Amino acid sequence: MAKVNFKEGFRKFIVSLKRNTPRIPMCAFLVSFIYYSFNLSCISNTTAKIQGPGMGIYGFITMLFSMLSLVAFINAFPHRKKVNKPMLILMLVLVAFVIFADIQYRGLIYAAVFDPVNPIAVTSSTAYIAEAASVLSTHIVLLIVSIVLTALLPVYSKLLKKINTNIDVDGYGKMEAIEIEHD
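First things first, this report covers the structure right here in the doc. Note that this is a predicted model, so its numbers are computed, not measured. (Residues numbered from 1 in each chain as written. Predicted model: local features only at pLDDT ≥ 70, side-chain atom pairs only at ≥ 80, totals over all residues. Heavy atoms only, no water.)

1. Observations concerning the layout of surface pockets
What counts is decided by this rule: Computed over the protein atoms alone on a 1 Å grid, cavities are sets of points where a 1.4 Å probe fits but cannot get out and pockets are open sets with protein on both sides within 12 Å along at least five of seven lines; a residue lines them when it has an atom within 4 Å of a point. Grid points are joined across faces, edges and corners, and a volume is the space filled by probe spheres set on the points. Note on conventions: DSSP H or I runs of at least 4 residues are helices, E runs of at least 2 residues are strands, and numbering of each starts at the N terminus. Gly counts as polar in this scheme, as do all residues outside two lists: the nonpolar Ala, Val, Leu, Ile, Met, Phe, Trp, Tyr, Cys and Pro, and the charged Asp, Glu, Lys and Arg.
Approximately 380 Å³ is the volume attributed to the largest pocket. Those elements giving two or more residues to the lining of the largest pocket turn out to be α1 (2–19), α6 (127–151) and α7 (153–161). Among the elements that make up the lining of the largest pocket, the one with the highest residue count is α7 (four residues). Partitioned by chemical class, the residues of the lining of the largest pocket number eight nonpolar, five polar and six charged.

This is the structure:
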């Protein structure tokens, strides 16, 4: 019984993806936003410790533009309508700014840690600095994967539509055997 429920649940999941394929890159963007948000404490602690020029604004740009890019994505792919190209371009520009801000922030971390005059030592008490650099690298990769999923949306939406999700109903193929009586 559980196998039948799993098969039916999987079939319904595939049907919902066929009807709304932009959910796939949307989920990828959402995962990257949630990942950054859940690790924001190490980013904030790093900003407070290093106090590099522009670190706070780069963190702010990343958070704000990530939220705005999600809103732009939702507006770029309205349900069962054509793609809103200006919103798609806006979303890609916002994501490009987020990637730029992440790269700049990570560069400021590396500059502070490897400064020849006064380097900031990464010890057990300041391990959040290394964690912040790792979070930023992972966030950049997640955003690039999300952009690739968005760019390949027409390709895999056609592939998803080719999947047969019809239910075989007993007797459905024998419609000619049913007699209709006329009075």
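After presenting the structure, the write-up continues.
2. Considerations on the environment of I129
Inclusion rule: Exposed residues in this analysis have more than 50% of their type's maximum accessible area, buried residues have under 20%, and partly exposed residues fall in between, with area computed by a 1.4 Å probe over protein chains only.
Within the element layout of this structure, I129 appears in helix α6. You can call I129 buried: its relative accessible area is 0%. Sequence separation between I129 and R106 is 23 residues, and the spatial gap between their C-alpha atoms is 9.9 Å.

3. A short note on helix α2 (residues 23–38)
Here is the rule we go by: What a helix is expected to span follows from its residue count: subtract one and scale by 1.5 Å. In this description, the arc belongs to the directions extending from the helix axis to the C-beta atoms. We call two residues contacting when some pair of their heavy atoms lies within 4.5 Å.
Here α2 spans 22 Å end to end across 16 residues, near enough to the 22 Å set by a 1.5 Å rise per residue. Restricting attention to buried positions, one finds in α2 the residues P25, M26, A28, F29, S32, F33 and Y36. The buried residues of α2 occupy an angular sector of 160° when the element is viewed end-on, so they sit on one face. Buried residues along α2 sit against α3 (40–50), α4 (55–76), α5 (85–113), α6 and α7.

4. Side note on the packing of aromatic side chains
Short version of the rule: A pair of Phe, Tyr and Trp rings is counted when the ring centres sit within 6.5 Å of each other, with Trp represented by its six-membered ring. The angle between the planes then sorts it: under 30 degrees is stacked, over 60 is edge-to-face, the rest tilted.
Overall, the coordinates contain five aromatic pairs when judged by the stated rule. Ring plane angle 55° and centroid distance 5.7 Å describe the contact between F29 and F73, whose orientation is recorded as tilted. Placement of the pair is F29 in helix α2 and F73 in helix α4, with a sequence separation of 44 residues. For the pair F29 and F73, one class covers both residues: buried. Three or more aromatic residues joined by ring pairs form one cluster here, namely F29, F73 and F77.

5. Concerning the nonpolar core
The test is simple: For our purposes a nonpolar core is just a set of buried Ala, Val, Leu, Ile, Met, Phe, Trp, Tyr and Cys residues, chained together by side-chain atoms within 4.5 Å.
Judged by nonpolar contacts, the single largest core of 40 residues is most densely connected at F29, I43, I50, M91, Y105 and I109. Going through the elements one at a time, α2, α3, α4, α5, α6 and α7 are the ones with two or more residues in this core. In terms of residue count, α5 provides more of this core than any other element does, 12 residues in total. If we ignore the near neighbours within four places in the chain, the residues touching I109 are T46, I50, M55, I129, A132, A133 and L136.

6. Focus: the packing of α2 against α4
The line we're drawing: Simply put, an axis is a line fit to the C-alpha atoms, just over the touching stretch for a helix, and the angle between two N-to-C directions goes from 0 to 180 degrees. Oblique is the label for every angle not falling under 35 degrees (roughly parallel), over 145 degrees (roughly antiparallel), or within 65 to 115 degrees (roughly perpendicular). When the near helix sits turned anticlockwise from the far one by under a right angle, the crossing is termed left-handed; a clockwise turn instead gives a right-handed crossing.
Where α2 contacts α4, the axes come no closer than 11 Å and their chain directions differ by 160°. Of the possible angle classes, the one that applies to α2 and α4 is roughly antiparallel. For the element pair α2 and α4, the recorded crossing hand is left-handed. For the pair α2 and α4, contact is made by P25, M26, F29, L30, F33, Y36 and S37 and by G59, T62, M63, S66, M67, L70, F73 and I74, respectively. The class makeup of the residues in the contact of α2 with α4 is 11 nonpolar, four polar and no charged.

7. So, α7
Owing to its 3.6 residues per turn, the α-helix aligns residues three or four sequence positions apart on the same side. Buried within α7 are the following residues: L153, Y156, S157 and L160. All buried residues of α7 fall inside an arc of 110° around its axis, so they share one side. Exposed residues pointing more than 90 degrees away from the buried face of α7 are listed as K158 and L159.

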